[in-house]
Amino acid sequence: VSLVDIAPGEATRCFVCGPASEVLPREELQAYKHRHPGNHDGYVRFYCGQHVPAAPALAEVAAPKAARRSRVPGERREPAASRRVAVPERARPVCPDCFMEIPPTGVCGNCGKTLG
Ligand SMILES: [Zn+2]
Ligand SMILES: [Zn+2]
């Protein structure tokens, strides 16, 4: 919907670009009617060509969401599991001789071996 058709008038700004942006002629702006839970008529925002929430863009957003949902279970389990193992090892190195945890000084408190 071109803004000229529904709200002809003076130049205005893209809602996303914000008040600091340049005023654009209405021909370059798109009016987008949002639904509002408290307002039956909703509300209208103006967007430039880059920010207009067009229907194709919404479809693109919805598609990755559906794809993400199916990916999440398998993808997330593995990194979480490997992280749990890796983090304690890095934070607390173990002495190769007596398998005691080595403090940040790098010297084993049990046998005195220097790590590295
Ligand atoms: Zn914009
Ligand atoms: Zn040791």
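Predicted model, so just to flag it, every value in this text is computed and none were measured.

> I'd like to hear about the coordination of the zinc ion (ligand 2), residue by residue, with values.
For the zinc ion (ligand 2), every protein donor is listed as Cys95 (SG), Cys98 (SG), Cys108 (SG) and Cys111 (SG), and the spread of their distances is 2.3 Å. Considering all 4 donor atoms around the zinc ion (ligand 2), angles at the metal cover 99 to 127 degrees and the coordination shape is tetrahedral. When the donors of the zinc ion (ligand 2) are listed by position in the chain, the intervening gaps give C-x2-C-x9-C-x2-C. A residue is classified by how much of its surface remains accessible, and Cys108, at 3% relative accessible area, is buried. With relative accessibility at 42%, the residue Cys111 sits in the partly exposed group.

> So, unusual backbone geometry: which residues are in play, and what are the values?
Even without a glycine there, the phi angle at Phe99 is positive, about 60 degrees. If you trace the backbone, Phe99 turns up in the segment after helix H2 (55-91).

> I'd love a proper account of the side chain of His34, names of residues and values included.
As for its placement among the helices and strands, His34 is situated in strand E1 (residues 30-36). Judged by relative accessible area, which is 18%, His34 ranks as buried. A distance of 2.7 Å separates polar atoms of two side chains, one belonging to His34 and the other to Tyr47. Once residues within four sequence positions are removed from consideration, His34 is found in contact with Gly42, Tyr43, Arg45, Tyr47 and Pro53.

> Talk me through the packing of aromatic side chains; I want residue IDs and the actual numbers.
The relative placement of two aromatic rings is captured by the distance of their centres and the angle of their planes. Under the counting rule described, the total for this entry stands at 2 aromatic pairs. Taken together, a centroid distance of 6.3 Å and an interplanar angle of 80 degrees make the contact between Tyr32 and Tyr47 edge-to-face. A residue pair is termed long-range when its members are at least 10 positions apart, and Tyr32 in strand E1 and Tyr47 in strand E2 (residues 39-47) qualify at 15 residues. Over the ring of Phe15 we find Arg45, and its NZ or CZ is 4.1 Å from the ring centre.

> Can you lay out the coordination of the zinc ion (ligand 1) for me, pointing to particular residues and giving the numbers?
Only Cys14 (SG), Cys17 (SG), Cys48 (SG) and His51 (ND1) from the protein reach the zinc ion (ligand 1) as donors, at distances of 1.9 to 2.3 Å. Read in sequence order, the donor residues for the zinc ion (ligand 1) give the motif C-x2-C-x30-C-x2-H. Given the relative accessible area of 7%, Cys48 is considered buried. Since its relative accessible area comes to 29%, His51 is described here as partly exposed.

> Outline the confidence of the model for the protein chain, supporting the account with residue identities and numerical values.
Looking at the protein chain as a whole, its pLDDT mean stands at 72, while 59% of the residues score no less than 70. Within the protein chain, the lowest mean pLDDT, 52, falls on H2, and the highest, 83, falls on E2. Scored below 50 in pLDDT, residues 56-60 makes 2 contacts in the model with residues more than four places away or belonging to other chains.

Cut-offs used in this document
Residues numbered from 1 in each chain as written. Chains lettered and ligands numbered in written order. Predicted model: local features only at pLDDT ≥ 70, side-chain atom pairs only at ≥ 80, totals over all residues. Heavy atoms only, no water. Donors = N, O, S within 2.8 Å, 3.2 Å for Na, K, Ca; no water. Tetrahedral: all angles 85-135°; square planar, octahedral: opposite > 155°, others 65-115°. Buried < 20%, exposed > 50% of the residue type's maximum accessible area, 1.4 Å probe, protein only. Helix = DSSP H or I, 4+ residues; strand = E, 2+ residues; numbered from the N terminus. Polar contact = N/O pair within 3.5 Å; in protein donor to acceptor, adjacent residues only side chain to side chain. Contact = heavy atoms within 4.5 Å. Phe/Tyr/Trp six-rings, centres within 6.5 Å; stacked < 30°, edge-to-face > 60°. Lys NZ or Arg CZ within 6 Å of the ring centre and 35° of its normal. pLDDT = per-residue confidence, 0-100.

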